Amino acid sequence: MTGEEYAKFVIAGLDRREYAKARKVAGQKRKREEPKLHIELLPKQEKFVFERGVDEIMYGGAAGGGKSAAQCIAALLYAIDYPGSTQLMLRRTFVELEGSLIKEHFKHFPGGPWYRYNSSKHVGTLWNGSTIRFGYCASENDVFQYQGAEFDVIRLDEATHFTYDQFVYLRSRVRGRFPAPRFLALSTNPGNVGHAWVKENFVDPAEPETPFVGKDGRRRMFIPAKLTENAYLMENDPDYLKSMETLPEILRQTLLEGRWDVIEGQYFTEFDPAIHVIEPFPIPPHWKKYRCLEYGLDMFAMLWFAISPDGRVYIYKEFCSPNLTIEDAAGKALEYTESGEEIATTWAPPDIIRSRTQETGKTKADLFRAAGLPLSEASNDREAGWLSVKSVLRIQPDGLPKMQIFRNCRRLIHDLPLLQIDPKHPTDCMTEPHDITHVCLAGDTMVDTPSGQRMIRDMVGTTGVVLSYDNGISCEAEYSKCFMTNPCAKVLCIELEDGRTIKCTADHRILTTNRGWVAAKNLKEGDDICDIQKDTERRKQ
């Protein structure tokens, strides 16, 4: 052991005896002749295997791109490069684990004295002391079996099979005391329960093969994989491509083309970013311009669009934000409309135009008008509206659609392909993923009613009365609609002083005594959340 090696080890916080013990296998057995390996990698596999400059890397897209093989080879080479290292390779179920990673890794790992696999513990050990553990997380809480464990690298194969909460927890297990690069390595196809969080964190933020820093400060990179790039598979199994081409349209686009903008049950199957998303251009002054909006405290959304003389629609600007008063929403709409820009009409749904408040007798449209934003009534026929959008997205005889979206409208481009068909009404669109424009509570949330607490999932499809607040005063209020939204939405868990918890989406508004209505994501320790039960009891006394 050289002085430099020991100095690095001291920095890691360990003494000489611990160092000697940890490196014993690597130091003594290094004299043994190392195995001769013959490994051939595709160009993108090579980039995935040897990239060390990010915290999280993903290799994925089309089926047949060699993802599982890349994970196994990457694990082997990392284990050789960093003696004594520990890695965890995961699939969602044991059946998947046994039929993919465990089976696949034997094709690439050396045998004999250089590598031994313990089939009862699902742990492989190399001659230099590096270990690779194979595991699975069938249920949401299975990740806690790794509580207290440390891994230099965690590898998730078919990452979209994992939930976001599982991913976040597993990320906390990437740690260690020895100097070595530590990261998460993901490989996956589009689709399944984790499609949205994988797409949001790895695919959307930057161009492929470009390192970037996410909103959470994590360095990431996405490397797309395609079947046609896998020369070995194309040569040895040419019928595989033919079988993929016969798949149903959605599966063909995701598994063969590796597209992340289409998912099973997608409502707007016509949407293709390569066709419908265009670079911004100056709107000619003689084109008519319009605005359309939807308003609620949970979300205010507005789109600006222009119509060309030949009837084509160009959506050129967007704005959306929760927790805005009508006055603030109108102010944002006017602020985002350029000075001198002529808007022919601003459309709004009938409930904004017609519904009057009991207190003032005014409609929301009256309040928008008073704030400088007059509105006109649009149709509230949901199904006709969705079908109209599908119609303008279709490719016309000239090869172009009737509607295109400027690239700067990132939220619309992100949300449009996530909207799902309502299985009960195939011509209508579901209200999920609800976290696109709304806020919601987890299904096991207890809701206060005059007759006691009820779990909100038991209220789905019913009408009734709940305890609520009106201008800060506790009261009874009727609800006319309670429905299930996105089963995979990300939720926060807010722990109260008495041990109770509230599970809700980040933008769900919580009423506090010290700061009024506050989005869940903006709550701080010490905020005093209103207790409807206690306030109702006081009111009755």
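Think of each chain on its own: its residues are numbered from 1, step by step along the sequence as written. Given that the model is predicted, a residue must reach a pLDDT of at least 70 before its local features are reported, and side-chain atom pairs must reach 80 or more before they are shown or counted; all residues, however, enter totals for whole chains, interfaces and linings. Only hydrogens and water are set aside when side-chain values are computed; all heavy atoms of the structure are taken into account.

### Description of the side chain of Thr-449
Point 1. In DSSP terms, a helix is any run of H or I states spanning at least four residues, a strand is any run of E spanning at least two, and both are numbered starting from the N terminus. Summarising the element assignment, Thr-449 is placed in strand S19 (residues 446-449).
Point 2. Between buried and exposed lies partly exposed: a residue is buried under 20% and exposed over 50% of the maximum accessible area for its type, with that area taken using a 1.4 Å probe on protein chains only. For Thr-449, a relative accessible area of 8% translates into the label buried.
Point 3. Contact between two residues is taken to exist if any of their heavy atoms lie within 4.5 Å; hydrogens are not considered. Sequence-distant contacts of Thr-449, defined by excluding residues within four places in its chain, comprise Arg-454, Val-465, Val-466 and Leu-467.

### Regarding the nonpolar core
The nonpolar side chains of a soluble globular protein tend to be buried, and buried together.
Point 1. Joining through side-chain atoms within 4.5 Å is the link that ties buried Ala, Val, Leu, Ile, Met, Phe, Trp, Tyr and Cys residues into a set, and such a set is a nonpolar core. Leu-293, Tyr-295, Phe-300, Ile-352, Phe-368, Leu-373 and Leu-375 are the most contacted members of the largest nonpolar core, which has 25 residues in total.
Point 2. Listing elements by their share of this core, those giving two or more residues are strand S12 (300-307), strand S13 (313-321), helix H13 (326-336), helix H14 (350-354) and helix H15 (364-370).
Point 3. Every residue in contact with Ile-352, bar those within four places of it in the chain, is listed here: Leu-293, Glu-294, Tyr-295, Thr-363, Lys-364, Ala-365, Phe-368 and Leu-375.
Point 4. In terms of nonpolar packing, the next biggest core, distinct from the first, is built from 24 residues, Met-58, Leu-90, Tyr-146 and Ile-154 among them.

### Considering unusual backbone geometry
Point 1. With a phi close to 55°, Glu-158 is a non-glycine residue in the positive phi region.
Point 2. Locating Glu-158 in the fold gives a position in the loop between strand S6 (153-157) and helix H7 (164-171).
Point 3. The phi torsion at Asn-323 lies on the positive side, around 60°, for a residue other than glycine.
Point 4. Mapped onto the elements of the fold, Asn-323 is located in the loop between S13 and H13.

### Things to note about the sheet that holds strand S14 (residues 345-348)
Point 1. Taken together, seven strands build an open sheet; the order of strands is S10-S16-S13-S12-S11-S14-S15 and the sheet is mixed. Only two strands of the sheet have a single neighbouring strand rather than two, namely strand S10 (277-278) and strand S15 (376-377).
Point 2. When S14 meets S15, the two strands line up parallel, connected through two bridges. Note that in S15 the partner of Ala-348 across the bridge is Glu-377.
Point 3. Structural elements are reduced to axes, namely lines fitted to C-alpha atoms, with helices fitted over the stretch in contact, and the angle between N-to-C directions of any two is expressed from 0 to 180 degrees. The sheet contacts of H13 involve strand S11 (288-294), S12 and S13, and relative to S12 the element is tilted by about 30°. Two strands are counted as paired when DSSP detects at least two bridges linking them.

### Some remarks on the sheet that holds strand S8 (residues 212-213)
Within a sheet, adjacent strands bond to each other through the backbone by hydrogen bonds, running parallel or antiparallel.
Point 1. Taken in spatial order, the nine strands make up an open sheet running S3-S4-S5-S2-S6-S7-S1-S9-S8, and their pairing is mixed. Strands with a single pairing partner mark the edges of an open sheet, and in this sheet they are strand S3 (115-118) and S8.
Point 2. Examined bridge by bridge, strand S4 (residues 123-126) and strand S5 (residues 131-136) share three bridges and lie antiparallel to one another. Bridging from a neighbouring strand, Thr-125 pairs with Thr-131 of S5.

### A look at helix H5 (residues 67-81)
Point 1. For H5, with 15 residues, the first-to-last C-alpha span of 21 Å sits near the 21 Å given by 1.5 Å per residue.
Point 2. In terms of residue burial, H5 counts as a mostly covered element, since 13 of its 15 residues are buried. Multiplying 1.5 Å by the residue count of a helix minus one yields the expected span of that helix.

### Description of the side chain of His-276
Point 1. With respect to the secondary-structure elements, His-276 resides in helix H12 (residues 273-276).
Point 2. On the basis of relative accessible area, His-276 is assigned to the buried category, the value being 0%.
Point 3. Residues adjacent in sequence count toward polar contacts only when both atoms are side-chain atoms; beyond that, a polar contact is any pair of N or O atoms within 3.5 Å, and within protein one must be able to donate a hydrogen and the other to accept it. In this structure the side chain of His-276 is engaged in a polar contact, spanning 2.6 Å, whose partner is the backbone oxygen of Leu-393.
Point 4. Contacts of His-276, omitting those with residues within four sequence positions, involve Glu-270, Phe-271, Leu-393, Pro-401, Met-403, Gln-404 and Ile-405.

### Let's talk about the pairing of strand S2 (residues 86-91)
Point 1. Most of S2 sits out of view: five of its six residues are buried.
Point 2. Pairing of S2 with S6 involves four bridges; the strand directions are parallel. Looking at S6, one finds that Met-89 is bridged to Arg-155.

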